[in-house]
Amino acid sequence: MEAFKSFADFQMDVLREVGNIGAGHAATALSKLMDKPVDMLVPKVRMVPFEEVADSVGGAEAIVIAIFLRVEGETPGNLFFILTLESAKKLLKSLAGIEVVSDEGYTEMEMSALNEIGNIMAGSYLSSLADFTKLNMQPTVPSLAIDMAGAILGYGLLQFGEMGDQALLIDTKFLDGKEEVEGHFFLIPDPESFPKIFRALGVGAP
């Protein structure tokens, strides 16, 4: 879909605004959950081909933590919030005050905290997109996995069939003092869903 590569600036501006609003909602929700201020930098928003999604988080064989959920409603698709293992440790320490001491695995409490953080992030971005488009987008219950990035994306394909060939990527950065913690949010709509989203945004469908 070559049209994605030639998006007019105003079209990408709409997606950036969705990302900014989603980040603001997420920061507010996380602040309430953690009972402490949460700072988030302005996210970077871009479109990437599906085959480059894994490259954005270190490659198909990189071990990552992913919160995955299915988007149901008028524009079905797949949604991932992906963290490297190092980012996950920093995030737990920064937001939840949890020090991960073992490289062998995560405790149930650590997994629960990561799942809740990822759920808030995904829900915030999804709700901001739903508000912008006035489309019905409902998240399913999220699941968390620790595996190679390629395997996690493959799981989504196996579970729900063909994914679209483009992903909306929002690079999110949390700020704790001078230290930045980065996470990656991917929305991969089903093939028929992206045209609906762009028509609803009033920026034309590629």
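Everything numeric in this text was worked out from a predicted model, so none of it was measured. Going along each chain's sequence as written, the residues are numbered from 1 onward. A pLDDT threshold of at least 70 governs which residues receive local features in this predicted model, and a stricter bar of 80 or more applies before side-chain atom pairs are shown or counted, although totals over entire chains, interfaces and linings include all residues. Heavy atoms from the whole structure form the basis of all side-chain values; hydrogens and water molecules are not counted.

### Some remarks on the packing of aromatic side chains
Part 1: Centres within 6.5 Å make a pair out of two Phe, Tyr or Trp rings, where for Trp the six-membered ring is used; the pair is then stacked when the planes are under 30 degrees apart, edge-to-face when over 60, and tilted otherwise. According to the stated counting rule, one finds 2 aromatic pairs in the structure shown.
Part 2: Ring geometry for F68 against F80: centres 4.8 Å apart, planes inclined by 45 degrees, an arrangement best described as tilted. Note that F68 is positioned in strand β3 (residues 63-73) and F80 in strand β4 (residues 77-84), a separation of 12 residues in sequence. F80 matches F68 in its accessibility class, with the two residues each being buried.
Part 3: Arranged with centres 4.7 Å apart and planes meeting at 50 degrees, the rings of Y125 and F185 form a pair that is tilted. Residue Y125 is found in helix α3 (residues 108-133), and its partner F185 is found in strand β8 (residues 179-189); the two are separated by 60 residues along the sequence. When sorted by exposure, Y125 lands in the same class as F185, which is buried. Think of it this way: any DSSP run of H or I at least four residues long counts as a helix, any run of E at least two long counts as a strand, and we number them from the N terminus. For each residue, the accessible area found with a 1.4 Å probe, counting protein chains only, is set against the maximum for its type, and the residue is called buried under 20%, exposed over 50%, and partly exposed in between.

### Observations concerning a negative patch on the surface
Part 1: A cluster of like negative charges, contributed by E51, E52, D55 and D165, occupies part of the molecular surface.
Part 2: Assignment of secondary structure puts E52 in the loop between β2 (44-49) and β3. Residues enter a patch when their relative accessible area is above 30% and they make no salt bridge; the linking distance is 9 Å between like charges and 5 Å between nonpolar side chains (Val, Leu, Ile, Met, Phe, Trp, Tyr). A 1.4 Å probe and the Shrake-Rupley method give the accessible areas. Residues count as covered only by the protein chains that appear here. Salt bridge criterion: a side-chain nitrogen from Lys or Arg within 4 Å of a carboxyl oxygen from Asp or Glu. Neither His nor the chain ends contribute to the count of charged residues, in which Lys and Arg are positive and Asp and Glu negative. Where a charge sits is defined by one atom per residue type, namely NZ (Lys), CZ (Arg), CG (Asp) or CD (Glu).

### Describing the pairing of β8
Part 1: By the criterion of burial, β8 is predominantly enclosed, with 8 of the 11 residues buried.
Part 2: For two strands to count as paired, DSSP must find a minimum of two bridges between them. Sheet analysis places β4 next to β8, joined by 6 bridges and oriented antiparallel. Residue G77 lies in a different strand from β8, and its bridge partner there is P189.
Part 3: Pairing of strand β7 (residues 166-176) with β8, which is carried by 9 bridges, proceeds in the antiparallel orientation. Pairing of L175 across the sheet is with E180, part of β8.

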